[in-house]
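Read off the chains here:
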Amino acid sequence: MLIYTSRRLLWTPVLLIVAGLFIFSLGSVAPGDPAELMAGQRADPEAVERIRERLGLNDPFLVQYTRYIANALKGDFGESYRYRGRDVWELLGPKLRVSLELNLVSYVVTLAIGLPLGFWAAMRQGTWKDPTMTTIMLLIYALPVFFTAPFLILVFALWLDWIPVSGWSGMFSTRAILPAITIGLPGAFVFMRYMRASTLDVLGQEYVRTAHGKGMGHMTVNRRHIARNALLPIITILGFSLAGLFGGSLIVELIYGIPGVSRLALEAVFQRDYPVLTALTLLGAGMLAVANLVADIMYSVIDPRIRLRS
Amino acid sequence: MKTARFLGISLLAAMSLFVVACTSEEPPTPTPAPEPTATQVPTVVSTPPPSRAERPTPVSSQAQVAPELLQTPERVGDERPTGGVFRRLWADPPTLDPALVTDGTSYDIVIELFSGLVKLTGDANEPIVMDLAESYSVSNQGRTYTFILKEDLKFNDGSPVTASDFKWSWERASAPETESPIVDEFLGDILGVQAIIDGEATIADGIEVVDDHTLRVTIDAPKPYFIAKLTYPIAFVVNRDNVVSGGENWTDEPVGTGPFVLKSYSIGERMVLSKNPHYWGDPAYLDEVQLLLAGGSAMAMYENDEIDITGIGLADLERVTDPNEEISKDVIEVPPSFRTSYIGFNVEEPPFDDVHFRRALNFAVDKTLVANAVFSDLVRPATGPIPPGFVGFNPDLKGLEFDEAKAQEELAMSKYADADSRPRIVITLPGTGGSPSLTTEVVADMWRRTLGVDVEIQQVEWATFLQDLHRNRLQAFSLAWQADYPDPHTFVDVLFRTGSSINNTNYSNPEVDALLEQANVEADPVRRIELYQEAEEMIVEDAAWLPLWWGVEGKVLVKQHVGGLTFPPLSVPIYQHVWIDG
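Residues numbered from 1 in each chain as written. Chains lettered and ligands numbered in written order. Predicted model: local features only at pLDDT ≥ 70, side-chain atom pairs only at ≥ 80, totals over all residues. Heavy atoms only, no water.

## So, the overall build of chain B
Move 1: Within chain B, the regular secondary structure consists of 18 helices and 22 strands.
Move 2: Counting across all 582 residues of chain B, residues that qualify as buried make up 66%.
Move 3: Pairs at least 24 apart in sequence give 72% of the contacts found in chain B among residues at least 6 apart. (Helix = DSSP H or I, 4+ residues; strand = E, 2+ residues; numbered from the N terminus. Buried < 20%, exposed > 50% of the residue type's maximum accessible area, 1.4 Å probe, protein only. Contact = heavy atoms within 4.5 Å.)

## Thoughts on unusual backbone geometry
Residues and elements named next belong to chain B.
Move 1: Put simply, Pro 350 and Pro 351 share a cis peptide bond, and its omega is 0°.
Move 2: Along the chain, Pro 351 falls in the loop between strand 14 (339–345) and helix 11 (355–363).
Move 3: The phi dihedral of Asp 305 falls on the positive side, at around 60°, and the residue is not glycine.
Move 4: Structurally, Asp 305 is set in the loop between helix 9 (298–303) and strand 12 (309–311).
Move 5: Judged by relative accessible area, Asp 305 falls into the partly exposed class, the value being 44%.
Move 6: Although it is not a glycine, Ala 543 sits at a positive phi angle of roughly 55°.
Move 7: Mapping Ala 543 onto the fold places it in the loop between helix 18 (525–542) and strand 19 (545–550).
Move 8: Overall, the relative accessible area of 0% leaves Ala 543 in the buried class.

## Topic: the interface of chain B and chain A
Move 1: Facing 63 residues of chain B, the contacting portion of chain A comprises 47 residues.
Move 2: Of the roughly 4,400 Å² buried at the junction of chain B and chain A (both faces included), carbon and sulfur atoms supply 50%.
Move 3: On the chain B side of the interface with chain A, the three residues burying the most area are Glu 179, Pro 181 and Ile 267 of chain B, jointly 15% of the side's total.
Move 4: For the pair chain B and chain A, the number of links is six salt bridges.
Move 5: At the boundary of chain B and chain A, one finds 16 residue pairs in polar contact (both at pLDDT 80 or more).
Move 6: Among the secondary structure elements, those contributing two or more residues to the side of chain B that touches chain A are helix 1 (10–15), strand 1 (39–42), helix 5 (183–187), helix 9, helix 15 (462–470) and strand 18 (476–482) of chain B.
Move 7: With seven residues, the top contributor of residues to the side of chain B that touches chain A is helix 15 of chain B.
Move 8: By residue class, the composition of the side of chain B that touches chain A is 29 nonpolar, 19 polar and 15 charged. (Buried area = accessible area lost by both parts, 1.4 Å probe. Salt bridge = Lys/Arg side-chain N within 4 Å of Asp/Glu carboxyl O. Polar contact = N/O pair within 3.5 Å; in protein donor to acceptor, adjacent residues only side chain to side chain. Nonpolar A, V, L, I, M, F, W, Y, C, P; charged D, E, K, R; others polar.)

## Points about the sheet that holds strand 12 of chain B
Residues and elements named next belong to chain B.
Move 1: The three strands are arranged 12-20-13 in an open sheet whose pairing can be described as antiparallel. The sheet terminates laterally at strand 12 and strand 13 (331–334), the two strands that pair on one side only. Across the sheet, the mean angle separating the axes of adjacent strands is 35° when strand polarity is ignored.
Move 2: Here strand 13 pairs with strand 20 (residues 554–558) via four bridges, running antiparallel. Its bridge partner being in strand 20, Glu 333 is matched across the sheet by Lys 555. (Pairing = 2+ DSSP bridges. Axes fitted to C-alpha atoms, helices over the stretch in contact; angles between N-to-C directions.)

## Details of a nonpolar patch on the surface
All names here are of chain A.
Move 1: Taken together, the side chains of Leu 154, Trp 159, Leu 160 and Trp 162 make up a nonpolar region of the molecular surface, amounting to roughly 480 Å² of accessible area.
Move 2: Tracing the sequence through the fold places Leu 154 in helix 7 (residues 145–159).
Move 3: For Leu 154, a relative accessible area of 32% puts it in the partly exposed group. (Patch = residues over 30% accessible without salt bridge, like charges linked within 9 Å, V, L, I, M, F, W, Y side chains within 5 Å. Areas by Shrake-Rupley, 256 points an atom, 1.4 Å probe, with all protein chains shown as cover.)

## Describing the side chain of Asp 542 of chain B
Residues and elements named next belong to chain B.
Move 1: You can see Asp 542 is positioned in helix 18.
Move 2: Of the buried charged residues, Asp 542 lacks a salt bridge, with Arg 358 as the closest side chain of opposite charge at 5.3 Å.
Move 3: Of note is the side chain of Asp 542, whose polar atom sits 2.6 Å from the side chain of Tyr 507.
Move 4: A polar side-chain atom of Asp 542 sits 2.8 Å from a polar atom in the side chain of Asn 509.
Move 5: Those residues in contact with Asp 542 that lie beyond four places of it in its chain are Val 355, Arg 358, Tyr 507 and Asn 509. (Lys, Arg positive; Asp, Glu negative; His and termini not counted.)

## Points about the pattern of salt bridges
Move 1: Using the criterion set out here, one finds 36 salt bridges over all chains in the structure.
Move 2: Close ionic contact of Glu 90 of chain A with Arg 86 of chain A constitutes a salt bridge, the shortest N to O distance being 3.5 Å.
Move 3: A relative accessible area of 12% means that Arg 86 of chain A is categorised as buried.
Move 4: Between Glu 288 of chain B and Lys 263 of chain B there is a salt bridge whose closest N-O contact spans 2.4 Å. On the criterion of sequence distance, the pair formed by Glu 288 of chain B in strand 11 (residues 288–292) and Lys 263 of chain B in strand 9 (residues 260–266) is long-range, its members being 25 residues apart.
Move 5: In this structure Lys 263 of chain B comes out as exposed when scored by relative accessible area, which is 51%.
Move 6: Overlapping salt bridges, with partners in common, bring together Arg 54 and Arg 84 of chain A together with Glu 179 and Glu 248 of chain B in one network.

## Quick word on the environment of Glu 112 of chain B
Move 1: With respect to the helices, strands and loops of the structure, Glu 112 of chain B is situated in helix 3 (residues 104–113).
Move 2: Taking the C-alpha atoms as reference points, Glu 112 of chain B and Lys 275 of chain B, 163 residues apart in sequence, are found 9.6 Å from one another.

## Structural notes on the confidence of the model for chain A
Caution applies to low-pLDDT regions: their predicted coordinates should not be interpreted in detail.
Move 1: In the predicted model, chain A carries a mean pLDDT of 83, and 95% of its residues have values of at least 70.
Move 2: Taken element by element, the predicted model of chain A shows its lowest mean pLDDT in helix 10 (residues 218–241) of chain A (78) and its highest in helix 6 (residues 129–142) of chain A (91). (pLDDT = per-residue confidence, 0-100.)

## A look at the sheet that holds strand 11 of chain B
Residue and element names in this part refer to chain B.
Move 1: The four strands are arranged 2-11-10-9 in an open sheet whose pairing can be described as mixed. Whereas interior strands pair on both sides, the edge strands pair on one side only; in this sheet they are strand 2 (85–89) and strand 9. Pairs of neighbouring strands in the sheet enclose a mean axial angle of 15°, with direction left out of account.
Move 2: Sheet topology note: the strand 10 (residues 270–275)/strand 11 ladder contains five bridges and is antiparallel.

## Thoughts on the nonpolar core
All names here are of chain B.
Move 1: Counting 112 residues, the largest nonpolar core has Phe 86, Trp 170, Leu 187 and Leu 230 as its most contacted members.
Move 2: If we ignore the near neighbours within four places in the chain, the residues touching Leu 230 are Leu 117, Val 118, Phe 147, Trp 170, Leu 187, Ala 235 and Phe 236.
Move 3: Core analysis: the next-biggest nonpolar cluster, separate from the first, contains 36 residues, Phe 357, Val 370, Ala 371 and Leu 411 among them. (Core = buried A, V, L, I, M, F, W, Y, C linked by side-chain atoms within 4.5 Å.)

## Some remarks on helix 18 of chain B
All names here are of chain B.
Move 1: Taking 1.5 Å per residue as the helical rise, helix 18 with its 18 residues ought to reach 26 Å, and the 26 Å between its terminal C-alpha atoms agrees with that figure.
Move 2: Restricting attention to buried positions, one finds in helix 18 the residues Arg 528, Ile 529, Leu 531, Tyr 532, Gln 533, Ala 535, Glu 536, Ile 539, Val 540 and Asp 542.
Move 3: Buried positions along helix 18 lie against helix 11, helix 16 (489–496) and helix 17 (510–521).
Move 4: Regarding helix 18, its N-cap is Asp 524, as a side-chain oxygen of that residue lies 3.1 Å from the backbone nitrogen of Val 526 further along.
Move 5: Where helix 18 ends, the next residue or the one after it, Ala 543, has phi of about 55°, a positive value. (Expected span 1.5 Å × (residues − 1).)

If you want it as structure tokens, here you go:
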């Protein structure tokens, strides 16, 4: 397994270089010139040329990319075009942190609602309660964010006046509540379904019958034998979710005025801020690679029948 | 020249401040921000890009007329409360370096942090007043300007401001390493500056320090509009130690002379301005101005008391203006800014190389009908480039008024009268919104009905638009231009003179050029205006543009506890006069 892991890890940089190349090449293919955007509409062409020269935009594409990768290996991801003189990581750092926090609280919401509901529904399989709850959660899942977000704002911020409408002051502040619900609630349906299926699986197991047969209390069986075992597969799924932790949620960030990574990314697209875009891509690809690896390893840990072979 | 930047994202924009203006489609830009001065702006609503100027921002710039109507209540005689925080949405400024400002978002902040010898007022009767200068005199047949600085001027760190600071600032702005995209335009008239721009010198003889309080500036020809250009940030004074020691990010802690100081700035999150204790004039009433940069649902934030001002989206317009609603008391009418929206024709591209064809398109559009039916009279049909209330506005200019018969006549005279042989026509607008400009669609429809001329409308995002515009790849385009400084030069000369870098229509008329050349150096102000008006009339007759609207009036919401907020038609520092009732 050690060999497997290290091989996978060694492949990661190759993956990153290819992914970065893809985004970076947009710079030479896409219309729009970062230097022109920096200089503005009225700029005289000489000024634009000077900026191009300084940014190295006149060099052949591969030269630019090689230089970028060489610097990146030294930890230097370049400077933003849009925010002159601003190091890319200095720019990304605070945004990533906000997105990370936002996603964490959203997961908490998702799990806190989805897992108990899934368990609850499974225990009521065959009654009207199970399909009813599933339907309700499905409806919530289907609601678009641009409906739920304004709706939540209207109710909780404007009518009830409980919570601020916008901004971000950390995952433990009241400002985090509405965005977390907006992102987390639809996901709850997915986890509810996983949990329900997984619980039903466990319910059919002999050890559950045995436990009941031994005269254990319902609560104890539920908690100690059913819920615990049902959660195991869910943990694997959570591993996959890791990749999304640093990702933003554009619409939610826009509606709630959250200074996360999506707004920055969108702006970078419009402003042709390739250093920022490339760094974000590398980060995303890197997270995905790691998450996949973690999930693979988790499988083998949880189910020893799966062997990681290279 | 400011470009309004795009920061925005359309959504953002959309959500954020849409100015009321939005109603018109033109401008609204999104971001919340700023707008300032001049420049072109894209007209489309949705996105916000940047153009120079235009963003519609919200509040800021708009307004021109009748200041008394446009402000939040002025309580005469009362003691104004000091302290308090004024909060609004804004967008990240592309730069805070005065030498690099070309967009409205940056401009509106930079003029609060820095200042120069003279400044704009937004008042048509006295558009320019002294700022750091106590007075100035002009000699040498209009070629030499001698400025006397005020006594005891200080930067916000307490260090003194002298004439040599100005010399250093201007030379630094001109240096190639500074990479100012507009120095040529604003300081290039000063003797010796061109050599610095070209990298052949580091100091300019035209900028002389006579003594600590006296600065003598010599320009290459008597240009009466020169003083107006000095209101632009590139002519502001910066602090040498600050710039040199701060390196590339010196604007993180800018040392300026404006009424406010940059207290903190976290990108994409919030910028806080606090009052400058060393400001030469009356100190600001406010403790702080907080600019929220992360966007959000502007209207909800306003109603939840998280911001003090917002534009009004179309969806909310009816509700907030209903006199039965409490919120209707917050509505303030914002007069139009000095901005002209237009459709520009690339006169080198068929079929726009034919003056008759261009005139036909002009005559075919019933602007009054559109203004009334589509925009509820929030816009005013434009007859030419110079907007009402602006220096040099010509109320007698009739322009190419709607006249179907004349339109058809002109079309018949043009070489593109035959629809089959007429080249395909594409009008490009900047923007990323879902729906392209309503104006453009209505205009296109009028062309179709009156002349049988079919056009395609194409919307591209700002970066692409800008590139195509610079490369003259656009056949026709929809934009708006906002004044940079109070002089007709900012409209007539920079947009239509042969060879001007932003003459995007490639319009070229030797007679117009001759008039402009004469006007640019004419000493008699009355005669000068006449010359510009004459040129303007010829430009209108040649139909390089289809002028659409002047300004866009708008409505904004301002909290009742905010006093002293004004909406001048050009961007001027506004926060120093604002107070918050406790």
